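Working through the structure, step by step
One letter stands for each residue in the lines below.
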Amino acid sequence: MASKTLDDLFHETLKDIYYAERQIVKALPKMARGAQDPKLKAAFEKHRDETEGQIDRLKQVFEIIGKRAQGKTCPAIDGIIEEGEEILDEFKGTPALDAGLLAAAQAVEHYEISRYGTLRAWAQQLGHRDAVTLLEQTLAEESKTDEALTALAKTAVNTAAQKAA
């Protein structure tokens, strides 16, 4: 069996997040349609556009390492997205729906932040300076989205869910 290297691990993890981003871009319109709060709906729509840009940056990272852009099934993101879909079904029309959708979106963000932080560190270790820059851009966007979702939860969505209860 051939020895696996950090380069191999970087490539495999890159395929994982590429798959994840492509699944997320499909799920966000559903979440936006289901959201009741206009600010939450707008946040989902904005992040969908950002995710398209993140997919483009991932394609550039694949180019930098001389590999074809391709995904690898990621059971973790599939599970997180499935949980979001369950919330849509189980809480549809209730005051708690937006709080649940927001929580599901933050689970996605935290997964992405973890992956991009790891990939950035490995790209740096491997000397892929251009990849580091691209991955840092995406990591900053994901962190900013997470912060915006937290603020929205604190200022509107959680309060609305509790008041109606």
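This is a predicted model, so every value here is computed, not measured.

**With respect to the packing of helix H2 (residues 38-64) against helix H4 (residues 97-126)**
- Where H2 contacts H4, the axes come no closer than 12 Å and their chain directions differ by 20°. One element, H2, and the other, H4, form an angle in the roughly parallel class. Along this stretch, H2 crosses H4, giving a crossing that reads as left-handed. Seen from H2, the contacting residues are Leu40, Phe44, His47, Gln54 and Leu58; seen from H4, they are Asp98, Leu101, Leu102, Ala105, Glu109, Glu112 and Tyr116.

**Examining H4**
- Look at H4: 43 Å from first C-alpha to last across 30 residues, which is about the 44 Å you get at 1.5 Å a residue.
- Trailing H4 by a residue or two, Gly127 shows a phi angle of about 80°, which is positive.

**Some remarks on the environment of Gly93**
- As for its placement among the helices and strands, Gly93 is situated in the loop between helix H3 (75-90) and H4.
- Judged by its relative accessible area of 64%, Gly93 is exposed.
- On a C-alpha basis, the gap between Gly93 and Gln36 in space is 8.4 Å, while along the polypeptide they are 57 residues apart.

**Here's the deal with the nonpolar core**
- By size, the foremost hydrophobic cluster in this structure holds 47 residues, and its most contacted members are Leu14, Phe44, Ile77, Leu101 and Leu135.
- Residue assignment for this core shows that the elements contributing at least two residues are helix H1 (6-34), H2, H3, H4 and helix H5 (129-164).
- Among the elements that take part in this core, H1 stands out by supplying 12 residues, more than any other.
- Apart from the residues lying within four places of it in its own chain, the contact partners of Leu14 are Leu58, Val61, Phe62, Ile65 and Leu119.

**Observations regarding the packing of H1 against H4**
- Axis separation between H1 and H4 bottoms out at 10 Å; the angle between their running directions is 160°. As summarised for this structure, H1 and H4 are arranged roughly antiparallel, according to the angle between their axes. When the axes of H1 and H4 are compared, the crossing they make is left-handed.

**Concerning a negative patch on the surface**
- On the surface, Glu82, Glu83, Glu86, Asp89 and Glu90 cluster together to form a negatively charged patch.
- On the basis of relative accessible area, Glu82 is assigned to the partly exposed category, the value being 46%.

Analysis parameters
Residues numbered from 1 in each chain as written. Predicted model: local features only at pLDDT ≥ 70, side-chain atom pairs only at ≥ 80, totals over all residues. Heavy atoms only, no water. Axes fitted to C-alpha atoms, helices over the stretch in contact; angles between N-to-C directions. Helix = DSSP H or I, 4+ residues; strand = E, 2+ residues; numbered from the N terminus. Parallel < 35°, antiparallel > 145°, perpendicular 65-115°, else oblique. Left-handed = near helix turned anticlockwise from the far one by under 90°. Contact = heavy atoms within 4.5 Å. Expected span 1.5 Å × (residues − 1). Buried < 20%, exposed > 50% of the residue type's maximum accessible area, 1.4 Å probe, protein only. Core = buried A, V, L, I, M, F, W, Y, C linked by side-chain atoms within 4.5 Å. Patch = residues over 30% accessible without salt bridge, like charges linked within 9 Å, V, L, I, M, F, W, Y side chains within 5 Å. Areas by Shrake-Rupley, 256 points an atom, 1.4 Å probe, with all protein chains shown as cover. Salt bridge = Lys/Arg side-chain N within 4 Å of Asp/Glu carboxyl O. Lys, Arg positive; Asp, Glu negative; His and termini not counted. Charge placed at Lys NZ, Arg CZ, Asp CG, Glu CD.

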